[in-house]
Amino acid sequence: MTVGVPAGAGQGNLRLDGLFQALRSATDAAYAESVEEHIWDFWLEHPDPAMVRDMRAGVLSLNGDDYRSALRAFDSAIARDPSYAEGWNKRAATHYMLGDYTAAMIDLRHALLLEPRHFGALVELGLVYLALGDEKPALRAFDAALAINPHLDHVRAQAEAIRRQPAGIAL
């Protein structure tokens, strides 16, 4: 458990270890998808109901392309609990959608410090690097995500496309 993480906050949930093992060893796609959904559920958990409200509001705003409202909600969540990895991850997604790749990268690094197994943050980090035209670190981020969650077929396809790309030619 990460020091400073409130009891019950997603990344501190001890059941995650078993879920990550199940995810890596799953051979059935439907089962792997179910395990992945459970991991995301744990990451979104938080013992503070106000935090849960902020996160839900932020996710709804993000899904509705209202990035400014999403940013306010995730800013509030991070201010309330800076040890909550999913707050950083969701705010990074919002920064990415706004085209602020530097802010997205900073927030993703916070999320990964708090939850190094956050395959979603690793995927997004790869996308940020791609947006910046930097394929090598994008590939490293995608490969790191796949090592944790080998069932990310779209990420595997993106990584393979980078590997097939001749040196010096933009994607």
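Conventions we followed
- Residues numbered from 1 in each chain as written.
- Predicted model: local features only at pLDDT ≥ 70, side-chain atom pairs only at ≥ 80, totals over all residues.
- Heavy atoms only, no water.
- Core = buried A, V, L, I, M, F, W, Y, C linked by side-chain atoms within 4.5 Å.
- Buried < 20%, exposed > 50% of the residue type's maximum accessible area, 1.4 Å probe, protein only.
- Helix = DSSP H or I, 4+ residues; strand = E, 2+ residues; numbered from the N terminus.
- Axes fitted to C-alpha atoms, helices over the stretch in contact; angles between N-to-C directions.
- Parallel < 35°, antiparallel > 145°, perpendicular 65-115°, else oblique.
- Left-handed = near helix turned anticlockwise from the far one by under 90°.
- Contact = heavy atoms within 4.5 Å.
- Nonpolar A, V, L, I, M, F, W, Y, C, P; charged D, E, K, R; others polar.
- Expected span 1.5 Å × (residues − 1).
- Arc of directions from axis to C-beta.
- Polar contact = N/O pair within 3.5 Å; in protein donor to acceptor, adjacent residues only side chain to side chain.
- pLDDT = per-residue confidence, 0-100.

Draft legend 1. Layout of the nonpolar core. With 39 residues, the main nonpolar core has Leu16, Phe20, Ile39, Phe119, Leu125, Phe142 and Leu152 as its most contacted residues. When contributions to this core are tallied by element, the ones reaching two or more residues are helix H1 (15–25), helix H2 (29–44), helix H5 (85–97), helix H6 (101–114), helix H7 (119–131), helix H8 (135–148) and helix H9 (153–164). Residues Leu62, Ala70, Tyr84 and Ala93 belong to the second largest nonpolar core, which totals nine residues.

Draft legend 2. Inspection of the packing of helix H3 (residues 49–63) against helix H4 (residues 67–80) at higher detail. Where H3 meets H4, the axes come as close as 8 Å, and the angle between the chain directions of the two elements is 155°. Classified by the interaxial angle, the pair formed by H3 and H4 is roughly antiparallel. Crossing angle aside, the handedness with which H3 passes H4 is left-handed. Taken together, the residues of H4 that come into contact with H3 (itself represented by Ala50, Met51, Asp54, Met55, Ala57, Gly58, Val59, Ser61 and Leu62) are Tyr67, Ser69, Ala70, Ala73, Phe74, Ser76, Ala77 and Arg80. Here the residues of the contact of H3 with H4 are counted per class, giving 11 nonpolar, four polar and two charged.

Draft legend 3. Focus on H5. If you check H5, its first and last C-alpha atoms are 19 Å apart, about what 13 residues at 1.5 Å a residue would give, namely 18 Å. Counted residue by residue, H5 has 11 buried out of 13 residues, so it is predominantly covered. Of all the residues in H5, the buried ones are Ala85, Glu86, Gly87, Trp88, Asn89, Lys90, Arg91, Ala92, Ala93, Thr94 and His95. Next to the buried residues of H5 lie H2, H3, H4, H6 and H7. Immediately downstream of H5, the backbone of Gly99 shows phi near 80°, a positive value.

Draft legend 4. Structural view of H2. Between its first and last C-alpha, H2 extends 23 Å over 16 residues, near the 22 Å set by a 1.5 Å rise per residue. All of the buried residues in H2 are Ala32, Val35, Glu36, Ile39, Phe42 and Trp43. Take H2 and look down its axis: the buried residues cluster within an arc of 115°, on one side only.

Draft legend 5. Quick look at the side chain of Asn89. Here Asn89 is to be found in helix H5. A polar contact of 3.1 Å, which involves the side chain of Asn89, links it to the side chain of Glu86. Ignoring any residue separated from it by four or fewer positions in sequence, one finds Asn89 in contact with Trp40, Leu108, Ala111, His118, Gly120, Ala121 and Glu124.

Draft legend 6. Quick look at the confidence of the model for the protein. Here the protein averages 90 in pLDDT, and 89% of its residues register 70 or above. The weakest mean pLDDT in the protein belongs to H1 at 93; the strongest belongs to H7 at 98. Every residue in residues 1–9 is under pLDDT 50, and counting partners more than four places away or in other chains gives 17 contacts.

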